[in-house]
Every structure is written in structure tokens, then in C-alpha cells.
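Observations on the three-dimensional arrangement
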Amino acid sequence: MTVEQNVLQQSTSQKHQQTFLNQLREITGINDTQILQQALKDSNGNLELAVAFLTAKNAKTPQQEETTYYQTALPGNDRYISVGSQADTRKKQYKPTRTRCATVEQTHYGSKDKRDMDVIDLTGDDKDDLQRAIALSLEESNRAFRETGITDEEQAISRVLEASIAENKASLKRTHTEVWSDSPNPYDRKRQDNCPVGLKNVGNTCWFSAVIQSLFNLLEFRRLVLNYSPPASAQDLPRNQKEHRNLPFMRELRHLFALLVGSKRKYVDPSRAVDILKDAFKSNGSQQQDVSEFTHKLLDWLEDAFQMKAEEERDGEKPKNPMLELFYGRFLAVGVLEGKKFENTEMFGQYPLQVNGFKDLHECLEAAMIEGEIESLHSENSAKSGQEHWFTELPPVLTFELSRFEFNQALGRPEKIHNKLEFPQVLYLDRYMHKNREITRIKRDEIKRLKEYLTVLQQRLERYLSYGSGPKRFPLVDVLQYALEFASSKPVCTSPVDDIDASSPPSGSIPSQTLPSTAEQQQGTPSELPSTSPTPRSFIHKPFTQSRIPPDLPMHPAPRHITEEELSVLEGCLHRWRTEVENDTRDLQESISRIHRTIEQMYSDKSMVQVPYRLHAVLVHEGQANAGHYWAYIFDHHQERWMKYNDISVTKSTWEELERDSFGGYRNASAYCLMYINDKEQFLIREDFHKETGQKLVGMETLPTDLREFVKEDNQRFEKELEDWDLQLAQKAQQEKILASQKIREPAPSVMTAQTEEPEYLEQPSRTDLTKYLKEETMRAITKASSEHEDTNPETVLQLAIKLEYARLVKLAQEDTPPETDYRLHHAVVYFIQNQSPKKIIERTLLEQFGNRNLSFDERCRNIMKIAQAKLEMIKPEEVNMEEYEKWHQDYRNFRDTTMYLMIGLEHFQKKSYIKAILHLICAYQNNKELLSKGPYRGHDEELISHYRRECLLKLNEHAAELFESGDDQEVNNGLIIMNEFIVPSLPLLLVDEMEEKDIVAVEDMRNRWCSYLGQEMEPNLQEKLTDFLPKLLDCSTEIKGFNELPKLPSYSTHELCERFARIMLSLSRTPADGR
């Protein structure tokens, strides 16, 4: 065995040991390294058993020497570890002398019995035991790899995930997965201009989309992937497991990136790349992966792939791996152990930060960079122990892993931390750099001193603001003011109980001696004392006013005996004391504010703002520890705006929206991973330019030749889909045209009918009532016109009748009516007038009203009808735009339909038929929103419809939850059917308009109702159904999903519609609705 092989094996063994500790820490939430090492030792390296030991309720805290905690940090132990919480993914060269020792020890212990080899004490100072453990780990790792082709790291991840699942009873195997279904219309899937391309969710793969989009939008990373070519030696036949796994993944990743660059599709399918990853995770394809875990694995594979290429291209020099250079940095661990100082360098990738107990990112970093007590670092003689971390080399891309999950040992399951954590758009890391450690230590000491002083000042201020010794305390300024008011009150000479007549009746009537003026007025008429007395109210105290204080009693307690001299002295003292307290309070508050500003500006000097890192991406998780949804906010550095990448949906966003969703503390959503990039390394976001012309390359121009051809072929397939769809629509239109021509050939009732066809809403199935309504109004206008004009010429009568009808409708349109009286429903012209339609539209509509064939019941009406029809025929196409005319009448039909949807929905809501109600209310809201986009009087009150839609969903959600809680299989299934068919498709409709705060709160309430079950014990079949359903509920995509079947509207006459609408609106006015 060569020295290089020994080095690699020793590195791998230590890498796995640290990996196990990190995984135990992440799963159990225990940060004490001693406890974790002891549990790992007791379980003989079996992480499943270790988790069981640590989560058992009667587990004892392992006792271990303090030296064990720092053993790996002793001088000379120049190891490489990952500070990631899932797996260590980097390698480092070790000293050959130590490697030879490992080889010797491996030979020495090679013949030992397995029982002896399984129990090795790694906690002591015996180096033989450590070497023996390394040797055994190498041997076991090599044997497992030869037998299964799977590395220890992959097996460990699989075992830990399985143990966590079994322990928590929270992520059971799902029977179904949530997969996006494509719209049959390819134009719905067509990319708009240069909008970024989304990624299809192919079964709980939002974690994949969030990470891949964040990396893809790093232009340097994108270039590396697109221009990657496999090593020549591996192109024909992979030589080992890594090549067999990594090279196909790199091929699919290149194809995926190329489609994200040049596809004509709105979103692309990442299934092939995802399938390779799922195989590596040993996942069944339905379990949601962890972003941190996936990112570790992805970067590990990319590093291996680029390492193979780098080794092939090196010319005697040490190969450079671009993945290492992009994502990995180094820090120096400086510490003291029992008075002995040590230093060693370590590499890191994703840097983990604890969230609990911190308010912002800098506080998290300060806590992560200091372990133990650091006072001893500056002194030579101290027995205390502690260590600091200092960055010596920062990667261009710096990723922080926010630990928002902790293991609740009492409940035996992980829980999510929803605490608020703020982070800046630009993060200055100068204070954490090794080169600045001296000045940083000085500033830290100063901050510590200021915070101690701040604590004292805050305690003093609290004494002023909460004065007193009892349970109730008040500001001292107010106490002094109350004392001053008491002293200044008019003194009284009697006891507060002496002037009350004990014989007074319980009714509360006032004794006569307390009302001398009243008694004098009523001496001769004692019978007038009761409340029925005609005497003015101001002189009579009636029984119902017994609690009212008589006018001659003091309103407040007052001192009984006080001299002017005493009052003067007391007032002077209280005034002076109050002024002193106010000044002291103000001084304390100003001092506290000044110290806060000093602390905030401690690192703002020029020397400490030289290492800026700009926020590039925020990966957000919404939900609980066991289920949830991921999406990403990514900064477009060239457009200087934030974009939200939510699976297939890619939309513009803002920093305010990012704050709301990412900081936490507001909803169940919070940032889980922060990706910062060095603001001075412009190559990370530099666009491509043509080498000769210098022109910027965009889109397909940036792709290598092979990928350009690949994308062209995919675009051609998509264009074929569009052509096929167009052909299908053309054939359908042709068939409809043929059917229509056949109908035209059939004998019509009259030629005039075909020429003067009325709008559809005038031809409801219940024709009799509607025609009667129109005939009455039209006949009234004709009769009035005939009586007011001597000329009986039908044309003259028609003109006057139209003017009279128009005047009546204008009057209706101008009336200020309550919601239950909506004259727009009475006549289309009222709707047109209120929405300022062109005059020609109104004139033609009125002509059609008077040209209605159903008016021909007498000679006069028949003549007027014929003249109106003749005038309609004389209207030239250029005089009235028929396309615009039809558009106005279609809007009116939509308004009537919206009214019917609203009316029926509200009727069902009042009958508590919420399933029927919600479909009608959703249709009403969507139609109404479209109408209101054209004008404020085109539709109904949007807030009212929104309120009842929201209330209906909340009641349906509560009903479904109650069915689920029943535990009965049939009722549980019915509850989930309600959620899947009605609630889940409705949520995007509430979330699409993020300005409606009440809708967002309602969505959170509904989600929280179901997420609350995650902390409860339930039957396995219920848990399985819950974990299958929750990702659908927590999916934050605003992509609208259709309902299975929309409600069909019945036919109503105008009279019936107006009557029912008025009745339902009146009932609402009697029932106050919150939010209306």
C-alpha cells in the first residue's frame, strides 16, 4: 500500500467520524460533543443505535474527560473537518509519518477477534486506540464498498435518515406523490419573452428546484457546468463507481442548464437528473429531501467530477478543482486547553449557524466563531479552556446553513424553530478574518464592556418605569403625579361613609338632606318623587342612576385635613421630584440609545468594511419539521431586482416580500439557507462576451455546440406541439363552421328575426316573464310618447319613446341605491351608462328593445317595431363597431353571470352548504375581478365577495379537520377529499394577490390547523395520509390549478334575479360581516 493510499484512507476515516458527529448533532439537537462521542462509542459506530441512546427518556449523560472535547484540536492534529451539519465532503493531505503509523497499527490489530475490535476507547489519550480505530474504519469501509459499491458516507446518510424516520414516526412512506400536471394547451407552457425558466415539480422535488436555480443563476458556476466535458479515459466505459454515477449526472445537469438557458418552454422537466440523485439517496421518490443534505451531496459529486477532469489535464502540477475554489474556504482554530495554546487550520463548505437565541446573522456568527471561555486566550497562565475561529480564506460563494430544526426529546420528534432572524443584503466579514483578529478582540472586549454597562443602565431604567414593591408596578413619574393630584384635591371634612344614610332604601333613591334644592321644590308634592315625576331630569335622581356619583360628592379621594402651608410644601416637593425623575429617566434612555448606536457602529470604520459579501439567494422553507415546501429568492444582479423561483412559477419580487417570508417569526416560512457572494469578485456574475467582437452573448449564443443542438431539438419538439394544437383548434373551428352552416340552411321563422337577433341575455329559457317585463316598460314608453305628442306618425312616436325610455334609465343609473337595489340588473343600458359606454352602443341597444318581435300584439306597436327594425338595417358598419358592440353586451352577460354566482353562493353559505357555496363564490370572485379590471362599476363589491369566499374556505377547512380527527376511515377520506378537491386548489387564488393581507392570514390559519397534527400521536395510517397530504397544502406556488367541475348556472328572468338578489343582500345587511 502506498503512502498516498494510506493518506486517503486515514482522511476518509476521520471524515466519516466527524460526519457521524455532525449527523447526530443535526438529528438530536444535542450540541455537547462529549455526549455525542460517547453515544457513538456505545453504539459501536451504529448511528441508528446512537440516535436511540440519545433520545431515550432514561438515557444517562455520558461522563467524559474534558480533554476529549479538545483532543481533535490539539497542536499537531492538522485535520480536515466539515462544519456542515450533514456530511463532510472535502479531503486534505496529511503528514506521511502519521499515515505510516496507521498502516503499522492496521497490521498489528488485523488478527484480533471482532468482538475486541468493535469496542475501542476513542476518548482517552491512548494513540494506539485511535490508530486502531482508523485502521478498522478503513478496513470496514473498503469491504463495504467492494461488496455494495456504496460508500460509507452514503450508507451513513441512509441509516440516519431511516433511524430518524423510525424514531419520529413522522415521515412514513407515502402512497402518492404530488406531481405537476401539464396543461393540455401548450401555449400555457410557452416561455414569455426572456422570462427565466422554471423547473417542474416531479414529485416532492421543490428542494431540487430551489438549490439548482440558486446555483444556475451564478453565472460562473453555470459556465463551469455548461463547458464541462468528461475525461477522455471515461467516455467509453466508466472505470469505477464514482464515474458510473457522476458522469451521467453531469451529462443530465448540463442538459438541464442548457434548457434553462435556451428553452422556449415556460418550465422544463428535471426528472432524469432527479432520478440519479434519488438512487443515491436510496429514496423511494416520494420522500422530501433536505436542502442542506442535497446541497452537500450535489457539491460532493461536482467536486469528484471536476477532480477527474483536473487530474487528466494537469501537467505535473497539483490539479485545481474549480468546485473547491468556488465553495470552500479555510478557518484557523485558535484555542487554549488547560493553559496550553493550540492552532490548526480547517476547511469548510456550508457553514452551519444556530438560530435559536439570536436576533440577527452577526449574532449567530459571533456565537459560532467562539467556543468556551475566551478570556484565557490573552493570558499565559490560565487553566480555562476555549477556542476561537478565524477565517483565513473565504470562498467566493459563502453559504450559511441556518439550523432551524431541533430534536424535542420529550416528544421524540424534530421541531422547527420559527424565531425571527434578520440578515442584511450586504454582509461585511472583516471582523471574522484572521488578519483582523487583534482589532476584533479589542472591539469585542469593548462591546462586552458596553453591554455590561448597558445591562446596568437598563436595570436602573426599569426601576423608574416599574416602581413599587407589590405585584402591580407603575412608572414613578405617574406615581408622583397621582400623589400630586391627590394632595391638590379639595379636602373634605367627613368620612366617606359618614354622609350616607344607613336607612336609605336599597332602590338607590337619594336622601333629601343630600338634595336641599330638590327638596325645597317638592315640599308640597311628595308623591312626585318617583321616576314618573314631570319634574326636569336635572333635579331628580332616579333609581336607575344609583351608581352615578351625586354632584356634591368629590370625584376622587381627597385629603381630609391639610393646611395651605402643608399643601404648598408638598406640592413643591412633588413637582421637584417629578422633574428630577423625568430628567433621570430621559438621561438613562438617551444613554441606552447612545450605547446601542455605539455598538451598532463598532465595526463601521473603513478598515472593517473591506470584505463585502452580497446576498445572492435565500432558500425558504415553509411548514414544520416533518413536511413543508421549499422555494428560493434569487437576486438578478444585472436587472438589480429579486426574483422568486417557486417550481414552475418564476415571478418578480421585492426585498419586502423576501423579508416577510424569510426572516421568520411571522408565518411558518423562514430562511433555511443563505448564499452570499464576494461583492468584489465580479467574475461570479460576469456575462459572456464574444472574444473577437466584444459583443455580449445571450441565450443560445452562450451554449457549446453540442448543447445548442440539444436545445434546438427540444425547441423543435415544443414547436411541433404548438403546431399540432393550432391544427387541432383549426379542425374544431372548421367542424363548428360546418355545423353552423347546416343550421343556417334550415328554414327560419322569419328573415327579420335572423337580421335583428337579440342579445343572449334577453332570450332566457323563461321567456314569458322576461318578455312581459320588457313589454311593460316598452309599452309604457310608447303610450306616454303617444299621449304627449299630437303627431301619431310611428317614426315620431318611436323617437319620443326612445328618449323617454333613455331618460328613465339615466335616472335609474344616477340614483344612489343600497346594495340590495342594483338597477344594473334591470336593464343593460343602466350598466352601459354607469360605465360610460359609447353613445352608439346605447342607441342600438334601445332600437333593438323597440324592434323586439314580441311587441307586435297591436297595430301601433307593430308599426313602431317595423320602423325600429328598419333603422337597425340602415345602420352602416362604420357607424357602429359591431365587435365593440358585442364586447359590451358580453361584459353585461358576464356581469349577470357574476351576480348569479354571487347570489347562489351566498344562499348556499347561509344554508351552511359550504361545498356548493365555495365553487360559486370562487367563480363570482374571479369573474368579478376581471370585470373590475375594466372599470369600478363593471362588477360588485370585491371586498364583500372576498370576505365570504374566505369565510367559506375557513369553515370548510375546519369541517375537514374535524372529519380527520374522528379517525373513522370513511370520514377521514371525506375530509381529505374536501381538502384536495376544494381547499388546495383554492389557496393559489388567495395567495396570488399578496396585497390582500386577510387572505394570507386565512391561508396561514388553514395550514397551521393541519400542521398542528404533526406534534400529536396518531394511528400509522392517519400519519401516512397526513404526510402525503401536507406537501400539497404547504405548496406556496401561485400557479392556478383547476377544479374538477365548475357549477352550471340556471336561467332566471330579470324580475326573479332582481328579487332574489335583493333578498339575499338584505339578509346580509342584517348580519354584520367582519371585514366588509
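Residues numbered from 1 in each chain as written. Predicted model: local features only at pLDDT ≥ 70, side-chain atom pairs only at ≥ 80, totals over all residues. Heavy atoms only, no water.

What follows deals with the packing of helix H28 (residues 882–910) against helix H30 (residues 942–966). Between H28 and H30, the shortest axis-to-axis distance is 11 Å and the interhelical angle comes to 40°. The pairing of H28 with H30 is recorded here as oblique in orientation. Here the hand of the crossing between H28 and H30 comes out left-handed. Across the interface between the two elements, Leu902, Leu906 and Phe909 from H28 touch Leu944, Ile945, Tyr948, Glu951, Cys952 and Lys955 from H30. In terms of residue class, the contact of H28 with H30 is made up of seven nonpolar, no polar and two charged. (Axes fitted to C-alpha atoms, helices over the stretch in contact; angles between N-to-C directions. Helix = DSSP H or I, 4+ residues; strand = E, 2+ residues; numbered from the N terminus. Parallel < 35°, antiparallel > 145°, perpendicular 65-115°, else oblique. Left-handed = near helix turned anticlockwise from the far one by under 90°. Contact = heavy atoms within 4.5 Å. Nonpolar A, V, L, I, M, F, W, Y, C, P; charged D, E, K, R; others polar.)

With that out of the way, let us pick up the UniProt feature "coiled-coil region" (unreviewed entry) in the protein chain. Listed under "coiled-coil region" (unreviewed entry) in the UniProt record, and renumbered for this structure, are residues 708–735. Across residues 708–735 one finds 100% helix and 0% strand; the C-alpha atoms that close the span lie 40 Å apart. (UniProt positions renumbered as here; feature names shortened; annotations may be inferred.)

Quick look at the pairing of strand S15 (residues 649–653) now. Here strand S14 (residues 641–646) runs beside S15; their pairing, made up of five bridges, is antiparallel. Bridge pairing links Lys644 to Thr651 in S15. Hairpin connection from S14 to S15: two residues lie between these consecutive antiparallel strands, with Asp647 at a positive phi of about 55°. (Pairing = 2+ DSSP bridges.)

Moving on, we come to the side chain of Ser489. Within the secondary structure, Ser489 is located in the loop between helix H17 (476–488) and helix H18 (516–521). From its side chain, Ser489 meets the backbone oxygen of Glu485 in a polar contact 2.8 Å long. Look past the residues within four positions of Ser489 in its chain and what remains in contact with it is Pro557, Ala558 and Pro559. (Polar contact = N/O pair within 3.5 Å; in protein donor to acceptor, adjacent residues only side chain to side chain.)

On to helix H26 (residues 839–850). Its 12 residues give H26 an end-to-end C-alpha distance of 17 Å, which sits within 8% of 16 Å, the value for a rise of 1.5 Å per residue. Burial runs high along H26: nine of the 12 residues are buried. Of all the positions in H26, only Ile841, Ile842, Arg844, Thr845, Leu846, Leu847, Glu848, Gln849 and Phe850 are classed as buried. (Expected span 1.5 Å × (residues − 1). Buried < 20%, exposed > 50% of the residue type's maximum accessible area, 1.4 Å probe, protein only.)

What the rule picks out here adds up to 29 aromatic pairs. Summarising the aromatic geometry, the rings of Phe249 and Trp301 are spaced 5.3 Å apart at their centres and angled 85° between planes, so their arrangement reads as edge-to-face. On the criterion of sequence distance, the pair formed by Phe249 in helix H11 (residues 241–262) and Trp301 in helix H13 (residues 291–313) is long-range, its members being 52 residues apart. Phe249 sits in the buried class, given a relative accessible area of 1%. Every member of this aromatic cluster is reached through a ring pair, and the members are Phe423, Phe635, Trp642, Trp655 and Phe663. Seen from the ring of Phe216, Arg222 lies directly overhead, with NZ or CZ sitting 3.8 Å from the centre. One cation-aromatic arrangement involves Arg949 over Tyr925; the distance from NZ or CZ to the ring centre is 3.8 Å. (Phe/Tyr/Trp six-rings, centres within 6.5 Å; stacked < 30°, edge-to-face > 60°. Lys NZ or Arg CZ within 6 Å of the ring centre and 35° of its normal.)

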